[in-house]
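Chain and residue survey
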Amino acid sequence: MNLLDGKLVSAKIKEDIKVETAAFTAKSGRKPHLVAILVGNDGGSETYVASKMRNCELVGFESTNIRYSTDITEEELIAKIREINADSSIDGLIVQLPLPKHIDPDKITEAIDYRKDVDGFHPINLGRMQRNLPCFIPATPYGIMLMLEHYGIETAGKKAVVVGRSNIVGSPMSILLARNSNPGNCTVTLTHSRTENLKGEVLAADIVVAAIGRKNFVTAEMVKEGAVVIDVGINRETSSETKSGYKLYGDVDFEAVSQKASWITPVPGGVGLMTIIGLLKNTLEAAKGTIYEK
Ligand code: GUN
């Protein structure tokens, strides 16, 4: 088993982003600027947004975290998004998901100017991604593709099985793996809650992407000898063993599956760190205006 080491790859790419950011700032006289809106105080979302903000600062971006309590209305949130869309000092905007039930995430996603949509969730970016056109690619799938690229994992002609069809990970991941690009060119099966014989599907995979949000869902009996296994799960459980008071578990039973996999991502230290890289790269591109002209 070889480790797909998110710590190592993200640190390396972060250094490149730092250098590029310094050059951008020297030339333009301003830093790339990311705004993150967080509604409510979901523990996971708090942690992710804090990490995004911290990493922005680390590479030399300006970052702003706007917080609202859960009683903000959809209209108020959309009004704030429109204000940010019109503010030329802001390059990227993300609204952390999930949102409270009274706010429609699709409406929020579509309210964001697609040229500032560094999450890559807007239908224009998703459509352009599917067509292989320049666009913002959702951060987690983007980070996974960078990881596969870094380790030179062969994808062309391989059978990839994605477990979970979320808008954030599973669905865009299936598109990226199937695209005519490198990495890419896989034969992709997107599995979900209604898939029959899920175990059989996963067993046939050369590349497995587990993004279902259930602790240790993918077991050793489901994985082919020599498969590449990407674990997107970040399942938090309270724990007295850690300083933070919680422990993270992936969607893959790492201990058992790592005995069969040729390559595997750990949790933590795998995909989560690469997601940050995807977001930072998108934000830098937004500031530079290389994907959409400013
Ligand atoms: N919630 C879980 N992952 C993400 C992400 O990549 N972006 C946003 N905005 N919310 C998320």
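Quick summary incoming for the structure in this document. Remember, it's a predicted structure, so these values are computed and weren't measured experimentally.

**Quick word on the pairing of strand S8 (residues 228-231)**
Of the two faces of S8, both are covered, the one formed by Val228 and Ile230 as well as the one formed by Val229 and Asp231. Pairing analysis gives four bridges linking strand S7 (residues 207-210) to S8, with the strands arranged parallel. Bridging across to S8, Val209 finds its partner in Ile230. Alignment of S8 against strand S11 (residues 263-264), held across two bridges, turns out to be parallel.

**Re the packing of aromatic side chains**
According to the stated counting rule, one finds three aromatic pairs in the structure shown. Considering the side-chain rings of Tyr114 and Tyr292, the 4.9 Å spacing of their centres and the 90° angle between planes classify their relative orientation as edge-to-face. Placement of the pair is Tyr114 in the loop between helix H4 (105-111) and helix H5 (123-130) and Tyr292 in the segment after helix H10 (271-288), with a sequence separation of 178 residues. On the basis of relative accessible area, Tyr292 is assigned to the buried category, the value being 12%. Judged by centre distance (5.2 Å) and plane angle (50°), the ring pair of Tyr151 and Trp263 falls under tilted. Taken together, the positions of Tyr151 in the loop between helix H6 (139-150) and strand S5 (159-163) and Trp263 in strand S11 put the pair 112 residues apart, joining distant regions of the chain. Residue classification places Trp263 among the partly exposed residues on the basis of a relative accessible area of 22%. Each member of the aromatic cluster is reached from another via a ring pair, and the members are Tyr114, Phe136 and Tyr292. Over the ring of Tyr249 we find Lys215, and its NZ or CZ is 4.0 Å from the ring centre.

**Structural notes on a nonpolar patch on the surface**
Taken together, Met1, Leu3 and Phe254 make up a surface patch of nonpolar side chains, about 270 Å² in accessible area. You can see Phe254 is positioned in helix H9 (residues 254-257). Its relative accessible area of 31% is what places Phe254 among the partly exposed residues.

**Brief notes about the site of the ligand**
The local shell around the ligand consists of Lys52, Val95, Gln96, Leu97, Asp119, Phe121 and Ile168. With respect to the ligand, the side chain of Gln96 contributes an N or O atom lying 3.2 Å from a nitrogen atom. A distance of 2.9 Å is found between a nitrogen atom of the ligand and a backbone nitrogen or oxygen belonging to Leu97. In the complex, 84% of the free accessible area of the ligand, which totals 280 Å², lies under the protein chains. Considering only residue class, the shell around the ligand consists of four nonpolar, one polar and two charged.

**Things to note about the packing of H6 against helix H7 (residues 170-178)**
Describing two packed helices takes the angle between their axes plus the distance from one axis to the other. At their nearest, the axes of H6 and H7 sit 9 Å apart, and the two run at 35° to each other. Taken as a pair, H6 and H7 cross one another with a handedness that is right-handed. Along its contact with H6, which presents Pro141, Tyr142, Ile144, Met145 and Leu148, the element H7 presents Pro172, Met173, Leu176 and Leu177.

**Describing unusual backbone geometry**
If a residue is not glycine, its phi is most likely negative; likewise, a peptide bond is most likely trans. Geometrically, the link from Leu97 to Pro98 is a cis peptide bond, its omega value of 5° lying close to zero. The phi dihedral of Asn132 is positive, around 70°, even though this residue is not glycine. Of note, Asn132 is situated in the loop between H5 and H6.

**Focus on the pattern of salt bridges**
Opposite charge on two side chains permits them to pair, given that their charged atoms come into close proximity. Under the defined criterion, the tally for this structure stands at eleven salt bridges. Lys288 is paired through a salt bridge with Glu20; the nearest N and O atoms lie 2.6 Å apart. Here Glu20 lies in helix H1 (residues 6-28) and Lys288 lies in helix H10, a separation of 268 residues in the sequence. In this structure Lys288 comes out as partly exposed when scored by relative accessible area, which is 34%. The class of Glu20 is partly exposed, set by a relative accessible area of 33%.

Cut-offs used in this document
Position numbers for residues start from 1 in each chain and track the written sequence from start to end. Only residues with pLDDT of at least 70 get local features here, since the model is predicted, and only at 80 or more are side-chain atom pairs given and counted; chain-wide, interface and lining totals rely on the full set of residues. With hydrogens and water excluded, all non-hydrogen atoms of the structure serve as input to the side-chain values. Three labels apply to residues, based on accessible area from a 1.4 Å probe with only protein chains included: buried if under 20% of the type maximum, exposed if over 50%, partly exposed otherwise in between. Secondary structure is summarised from DSSP: a helix means a run of H or I of at least four residues, a strand means a run of E of at least two, and numbering begins at the N terminus for each. For two strands to be treated as a pair, DSSP must find at least two bridges joining them. Two aromatic rings, drawn from Phe, Tyr or Trp (for Trp, its six-membered ring), form a pair once their centres lie within 6.5 Å of each other, and the interplanar angle then sorts them: stacked below 30 degrees, edge-to-face above 60, tilted otherwise. Charges are assigned to positions over rings by a cutoff of 6 Å between ring centre and Lys NZ or Arg CZ, combined with an angular limit of 35 degrees from the ring normal. Residues form patches when they are more than 30% accessible in relative terms and have no salt bridge. Like charges link within 9 Å. Nonpolar side chains (Val, Leu, Ile, Met, Phe, Trp, Tyr) link within 5 Å. Per-residue and other accessible areas follow the Shrake-Rupley method at a 1.4 Å probe size, with only the shown protein chains counted as cover for residues. Whenever Lys or Arg places a side-chain nitrogen within 4 Å of a carboxyl oxygen from Asp or Glu, that contact is recorded as a salt bridge. Nearness of a residue to a molecule or strand requires only that one of the residue's heavy atoms be within 4 Å of it. We define a polar contact as two N or O atoms separated by no more than 3.5 Å, with the added condition that, inside protein, one atom must be a possible hydrogen donor and the other a possible acceptor, whereas residues neighbouring each other in sequence contribute only through side-chain atom pairs. Amino acids are sorted into nonpolar (Ala, Val, Leu, Ile, Met, Phe, Trp, Tyr, Cys and Pro), charged (Asp, Glu, Lys and Arg) and polar (every other residue, Gly among them). Axis lines are fitted to C-alpha atoms, over the contacting stretch for helices. Their N-to-C directions set the angle, which ranges from 0 to 180 degrees. Definitions for this section: a left-handed crossing has its near helix turned counterclockwise from the far helix by less than a right angle. A right-handed crossing has that turn clockwise. Here a residue-residue contact requires only that any non-hydrogen atoms of the pair lie within 4.5 Å.

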